[in-house]
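# Observations on the model geometry
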Amino acid sequence: MAANDDKKTSTYAWEGKDKKGKSIRGEMNASGEALVKATLRRQGITVLKVKRKTNFARAKAVSDKDVALFTRQLATMMKAGVPLLQAFDIVGKGHSNPSVSKLLNDIKSDVETGSSLNQAFRKFPLHFDNLYCNLVSVGEQAGILDTVLERLATYKEKILGIKAKIKSALTYPIAIIVVAFIVTAVIMIFVVPAFKELFSGFGAELPGPTLFVMGISDFFVAYWWAIFGSIVGSIWFFFYTWKRSKKMQDTMDRLMLKLPIFGDLIRKATIARFTRTLSTMFAAGVPLVEALDSVAGASGNKVYYDGTRNIQSEVSTGTSLTASMQNTGLFPNMVLQMVAIGEESGALDTMLSKVADFYEEEVDNAVESLSSLMEPMIMVVLGVLIGGLVIAMYLPIFRMGEAIG
């Protein structure tokens, strides 16, 4: 619903007078002029003029990074004693992305009309998930909204950091594979046929490797449209199905954890996300069973989602968190021992935070190791591939030189 509302609303500039007769003006995002007038009247403002603004700025989508930055700014200003609505106004006007400014103005308008902050956030589920809204609700009820927002900002920044590291680990080899394929295709379609024309006047039998490469080149030249079409179509179909098929997503989540090198990296990142989320929720005073509900949604992997649901079910019947986690078989002994110490000492949030720090550092180290390992491996693969093609095409020339010599 929020996404549809965003598309229909526009920015309106208004002028009017407050209850004391003082002239005031401002801007508001709404679905129509009538709504702007009605909202202003409810605030005791006599409307004199409302005009729709034309925004020529190219708006980008609101990203997770934007939400993390906004949360950090809001937490900092509230800790400094800036009133909530004024903080929204400052952040909204100072942002370079019009979409973020619009989102914050909409939330501010809802709060001004009597909605609680977490209710205003819940109207935009694409940007503020249940975990975010639940923590804000706890902060409002306990009167520690600034502290909760600070924890949320830290949580968001840590999770974004993990995602960025996973992407960087996966992007490099994929980019090299794509470049290698394009270079090979160019050689096969344009370079090898030129050599084939040259060799046709030799009048001698060509070496096996050369004939093999020329055969592949003939296939590329004849069916390049089918090769490229099938590759692009397969990639599109894969991602299309992955986004829309729950069964496909579940299967891929399981396969990702079983990958030889990347599986361990993804498992560590998931455990870091699990412990960081649970630590943040528990530290904010959210009951464990309720916190596990948000942790399951934030785990980012179907295997750990199901495991967290099982943990939640067992904890709700009186089983300790340590025993419930152990029963899933998804967590290493170190994690279980730290959780057990946290439960016994009453410092579960602190222990979970330490586990999250440890696994985030493990992800950092794994990404660095992968990068240093992948570079020479990729260079060797590219060298063998391109070097093999070049040698195969120059073999006849070498043999001809030997014969002349």
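Each remark here, short or long, concerns the structure printed above.
First, a word on what this report is: a plain description of the structure on this page. Please read all numbers here as calculations on a predicted model, not as lab measurements.

## Considering the side chain of T275
Along the chain, the position of T275 falls in helix α11 (residues 262-283). Engagement of the side chain of T275 in a polar contact is seen with the backbone oxygen of A272, the distance being 3.2 Å. Non-local contacts of T275, meaning those with residues more than four positions away in its chain, are made with L352, V355 and A356.

## Thoughts on the side chain of D66
Within the secondary structure layout, D66 lies in helix α3 (residues 64-79). With residues up to four places along the chain from it excluded, the contact list for D66 reads A61, H95, N97 and V100.

## Structural notes on the pattern of salt bridges
This structure, assessed with the given rule, holds 15 salt bridges. For E362, the salt bridge identified is with K268, shortest N-O distance 3.2 Å. Separated by 94 residues along the polypeptide, E362 in helix α16 (residues 348-404) and K268 in helix α11 bring together distant segments of the chain. In this structure, the salt-bridge partner of K302 is D306, at a minimum N-O distance of 3.1 Å. Remark: D306 and K302 occur in helix α13 (residues 302-316); sequence separation between them is four residues, near one turn of the helix. With relative accessibility at 26%, the residue D306 sits in the partly exposed group. What emerges from the salt-bridge pattern is a single network uniting K158, R276, D357 and E360.

## Comments concerning the sheet that holds strand β3 (residues 46-52)
Note: strands within a sheet are paired through backbone hydrogen bonds, in either parallel or antiparallel orientation. Strand order in this open sheet of three strands is β2-β1-β3, and the pairing throughout is antiparallel. This sheet does not close on itself; its edge strands, each paired only once, are β2 (23-30) and β3. The mean inter-strand angle of the sheet, taken between neighbouring strand axes irrespective of direction, is 25°.

## What about the nonpolar core?
Counting 73 residues, the largest nonpolar core has I107, F121, F128 and F331 as its most contacted members. For this core, the leading source of residues is helix α8 (residues 145-199), giving 10 residues. Once you skip the residues sitting within four places of it in the chain, F331 turns out to touch I271, F274, Y304, I311, M325 and L336. Grouped together as the second largest cluster of nonpolar side chains are 14 residues, I187, M188, F195 and F199 included.

Analysis parameters
Residues numbered from 1 in each chain as written. Predicted model: local features only at pLDDT ≥ 70, side-chain atom pairs only at ≥ 80, totals over all residues. Heavy atoms only, no water. Helix = DSSP H or I, 4+ residues; strand = E, 2+ residues; numbered from the N terminus. Polar contact = N/O pair within 3.5 Å; in protein donor to acceptor, adjacent residues only side chain to side chain. Contact = heavy atoms within 4.5 Å. Salt bridge = Lys/Arg side-chain N within 4 Å of Asp/Glu carboxyl O. Buried < 20%, exposed > 50% of the residue type's maximum accessible area, 1.4 Å probe, protein only. Pairing = 2+ DSSP bridges. Axes fitted to C-alpha atoms, helices over the stretch in contact; angles between N-to-C directions. Core = buried A, V, L, I, M, F, W, Y, C linked by side-chain atoms within 4.5 Å.

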